[in-house]
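# Inside the fold
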Amino acid sequence: KSIPTRTICGHEYEMDSMTNITPAIASRLSHKLLSQPSSPLALLWRRIQRHFDSRHPGVFDFLRHDDPIVPVQQNFDELLIPASHPSRSPNDSYYLNRKMMLRTHMTAHEREVMATGRKSFFLVGDVYRRDQIDCSHMPVFHQLEGVCIFSPDELLSREAEYSHLVGEIEKAIGSQVLQVEHDPKIVKLALADLYVTLHGLMKTLFGENSRIRWQETFFPFTRPSTEAEVFYDNRWLEVFGSGILQRQVLHPSVLERDPNAIAWAFGMGLERVAMVLHGINDIRLFWSQDDRFISQFSSQKEDSEPIKFVPFSKYPPICRDISFYLPTTRDFQPNELYEIIRDVAPDLVEAVTLADEYHDTKINRMSMCYRIVYRSMEKTLTDTLVNNLQSELRARVTRQLQQSHHM
Ligand code: PHE
């Protein structure tokens, strides 16, 4: 019996019980927003490059990784993400099969870049996560990853420069236990360098007066781990996940060259920052080919204030409810529903919310009712079209809920 395969980006992959990539997601892989010159994401990436290049000419390498298909090993195992971690579940990530997946973060590429001998680099690309449907979540978004590797001596030479940051650094570390191989003094200097780097970038993006603050957090691949938030528009926005990379995560060649090497790393979502900078109110707009969107950014001048997006009137929404009983033989994850919706009506659904749930005592089953807001960025939807989508959706949901496993 031949094994079923699926072709994605010109490669053929064997399907297995982990396969959950839908045609709607596969079709995103060929759209490279970062290579569209007036996409706000490409503008932001260029801004970031100019920022670092003007402050530290020639120090950083700027890389774009366009192929999001990576071995599961590389996205998770090499980064010490345990088998039980929720992000590994096919409910949260997209698998081509049990060996290959769509990367969930750009951290997946750090080691291969380190292997080339680079010490300080920035990396951008598209990443994929199964998630809820609303105006700030898409199953695909873009991340900037930054890495900087130091020898202890390099850091010690900046001790005086960083001495005023002691308080901030203590906050970032909190109660976390440092890696045993690390000298606490060197760790603090590396964190101070990370702080200065992130704060500098935020000042360029959000203005000279912007403030950042650190919170302790947890990532399997960094210790200590910290989260940086920036104060903007009267609220704190989570912008960076960061920390000191675990020694086992460094590519072996790094420690061969310098057994005492230490590295900071951070990850930042580009959409999140671009939405705030430009006042873009719906994440789906990044994917819009609507001239009323694209044309607003084509006149963005290098180094000038980010253009404020002027929202154009949206096309009218159409709401529909879908109700169904939950399966009795297995659990149900809302992501299953969102994924079917994305597949049936790519880019046509703006929001999905739970409208009602109740226990039907007569038959002893849970009944769910979700409200779906259909709206196109490009045209007025007709009732006929939405009715067709809705009946296709009903059929797919019914079929799926009869299956014993979730996809
Ligand atoms: N990869 C993490 C995420 O996607 C962010 C991160 C990068 C955290 C590097 C620490 C170091 O959330």
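Heads up: these notes are all about the structure in this document. Residue positions are given per chain, counted from 1 along the sequence in the order it is written. With the structure being a predicted model, the display of local features is reserved for residues of pLDDT at least 70 and the display and counting of side-chain atom pairs for 80 or more, all residues being used for whole-chain, interface and lining totals. Think of the side-chain values as coming from all heavy atoms in the structure, minus any hydrogens and water.

Let us look at a nonpolar patch on the surface. Patches here are clusters of residues that have more than 30% relative accessible area and form no salt bridge, with a 9 Å joining cutoff for like charges and a 5 Å cutoff for nonpolar side chains (Val, Leu, Ile, Met, Phe, Trp, Tyr). Accessible areas in this description were obtained via Shrake-Rupley with a 1.4 Å probe; residue shielding takes into account the shown protein chains only. Any Lys or Arg side-chain nitrogen located within 4 Å of an Asp or Glu carboxyl oxygen qualifies as a salt bridge. Taken together, the side chains of Tyr 325, Tyr 358 and Ile 363 make up a nonpolar region of the molecular surface, amounting to roughly 290 Å² of accessible area. Along the chain, the position of Ile 363 falls in the loop between strand 13 (349-360) and strand 14 (365-374). Segments assigned H or I by DSSP are reported as helices when at least four residues long, segments assigned E as strands when at least two residues long, and all are numbered from the N terminus.

Here we come to helix 8 (residues 184-206). Multiplying 1.5 Å by the residue count of a helix minus one yields the expected span of that helix. With 23 residues, helix 8 should reach 33 Å at 1.5 Å per residue; the first-to-last C-alpha distance of 32 Å fits that figure. Pairs of N or O atoms within 3.5 Å make up the polar contacts considered here, provided that, within protein, one atom can donate a hydrogen while the other can accept it, and that residues adjacent in sequence are counted only when both atoms are side-chain atoms. The backbone nitrogen of Lys 185 lies 3.0 Å from a side-chain oxygen of the residue at the head of helix 8, namely Asp 183. Just beyond helix 8, the residue with positive phi is Gly 207, at close to 110°.

Time to look at the environment of Leu 144. The residue Leu 144 is located in strand 7 (residues 140-150) in this model. Contacts were defined at the residue level, with two residues in contact if any of their heavy atoms lie within 4.5 Å. Discounting residues that sit within four places of it in the chain, Leu 144 has contacts with Trp 45, Ile 48, Phe 122, Leu 123, Val 124, Phe 266, Gly 267, Met 268 and Leu 270.

So, about empty space enclosed by the protein. Definitions used for this entry: grid spacing 1 Å over protein atoms alone; cavity, a set of points where a 1.4 Å probe fits but cannot get out; pocket, an open set with protein on both sides within 12 Å along at least 5 of 7 lines; lining residue, one with an atom within 4 Å of a point. Grid points are joined across faces, edges and corners, and a volume is the space filled by probe spheres set on the points. Per the stated rule, a full pass over the model turns up 2 cavities of 30 Å³ or more. In this structure, the largest cavity encloses a volume near 180 Å³. Looking at the lining of the largest cavity, the elements with two or more residues in it are helix 1 (23-26) and strand 13. Its residues placed into classes, the lining of the largest cavity shows 9 nonpolar, 1 polar and 7 charged. The computed volume of the second largest cavity comes to approximately 50 Å³. Residue polarity follows a fixed list, in which Ala, Val, Leu, Ile, Met, Phe, Trp, Tyr, Cys and Pro are nonpolar, Asp, Glu, Lys and Arg are charged, and the others, Gly among them, are polar. When the residues that make up the lining of the second largest cavity are grouped by side-chain class, the tally is 5 nonpolar, 1 polar and 1 charged.

Bringing the packing of aromatic side chains into the picture now. Aromatic rings considered in pairs are described by the distance between their centres and by the relative angle of their planes. The aromatic pairing rule takes the rings of Phe, Tyr and Trp, using the six-membered ring of Trp, and pairs them if the centres are within 6.5 Å, calling planes under 30 degrees apart stacked, those over 60 edge-to-face and the rest tilted. Under the defined criterion, the tally for this structure stands at 18 aromatic pairs. Look at Phe 309 and Phe 312: their rings are 5.9 Å apart centre to centre, the planes differ by 85°, and that puts the pair in the edge-to-face class. You'll find Phe 309 and Phe 312 in the same group, each marked buried. Centre to centre, the rings of Phe 324 and Phe 332 are 5.6 Å apart; their planes meet at 65°, and the pair counts as edge-to-face. Burial here depends on accessible area, computed with a 1.4 Å probe over protein chains only, as a share of the maximum for the residue type. Under 20% is buried, over 50% is exposed, and the range in between is partly exposed.

Further remarks concern the layout of surface pockets. Considering only enclosed or pocket space, the largest pocket measures out at about 1200 Å³ in volume. Ranked by the residues each element gives to the lining of the largest pocket, the list is headed by strand 10 (residues 235-245), at 9 residues. Broken down by class, the residue content of the lining of the largest pocket amounts to 20 nonpolar, 16 polar and 12 charged.

All right, on to the sheet that holds strand 12 (residues 318-325) then. For two strands to count as paired, DSSP must find a minimum of two bridges between them. Taken in spatial order, the 3 strands of this open sheet run 12-14-13, and their pairing is antiparallel. Looking at which strands have only one partner, the edges of the open sheet turn out to be strand 12 and strand 13. Averaged over all adjacent pairs, the angle separating strand axes in this sheet is 20°, with direction ignored. Bridge count between strand 13 and strand 14: 10 bridges; the pairing is antiparallel. Its bridge partner lying in strand 14, Thr 353 is registered against Arg 371. The axes used here are C-alpha line fits, helices contributing only the stretch in contact, and every angle between their N-to-C directions lies in the interval 0 to 180 degrees.

Let us now look at the side chain of Asp 290. Within the secondary structure, Asp 290 sits in the loop between helix 10 (270-278) and helix 11 (291-297). Of the polar contacts made by the side chain of Asp 290, one reaches the backbone nitrogen of Arg 292; its length is 2.8 Å. Setting aside its immediate chain neighbours within four residues, Asp 290 contacts Phe 312, Met 377 and Glu 378.

Once that is clear, we can look at the site of the ligand. By nearness alone, 13 residues border the ligand, and His 105, Thr 107, Arg 129, Gln 143 and Glu 145 come closest of all. A distance of 2.8 Å separates a nitrogen atom of the ligand from a polar atom in the side chain of Thr 107. At 2.9 Å, a side-chain N or O of Arg 129 approaches an oxygen atom of the ligand. Each molecule is checked against the cavity or pocket grid, and it sits inside if more than half of its atoms lie within 2 Å of the grid points. In a pocket analysis with a 2 Å cut-off to the grid points, the ligand is assigned to the largest pocket. At the level of secondary structure, the elements contributing two or more residues to the shell around the ligand comprise strand 7, strand 10 and strand 11 (262-269). The element best represented in the shell around the ligand is strand 11, accounting for 3 residues. Each residue belonging to the shell around the ligand can be placed in one class, and the counts come to 4 nonpolar, 7 polar and 2 charged. Any residue with at least one heavy atom within 4 Å of a molecule or strand is counted as near it.

Attention shifts here to the pattern of salt bridges. Under the criterion given, the structure shown has 25 salt bridges. In this structure, Asp 126 and Lys 32 form a salt bridge, with 2.9 Å as the shortest nitrogen-oxygen distance. Of this pair, Asp 126 sits in strand 6 (residues 120-128) while Lys 32 sits in the loop between helix 1 and helix 2 (40-55); the two residues are 94 residues apart in sequence, bridging distant segments of the chain. When its relative accessible area of 4% is taken as the criterion, Asp 126 is described as buried. Here Lys 32 falls in the buried class, since its relative accessible area comes to 17%. Here Arg 118 ties to Asp 61 by a salt bridge, and the two come within 3.1 Å at their closest N and O atoms. Residue Arg 118 is located in the loop between helix 4 (110-115) and strand 6, and its partner Asp 61 is located in strand 3 (residues 61-64); the two are separated by 57 residues in the primary sequence. By sharing partners, the salt bridges in this structure join Asp 282, Arg 284, Lys 314, Glu 350 and Arg 375 into a single network.

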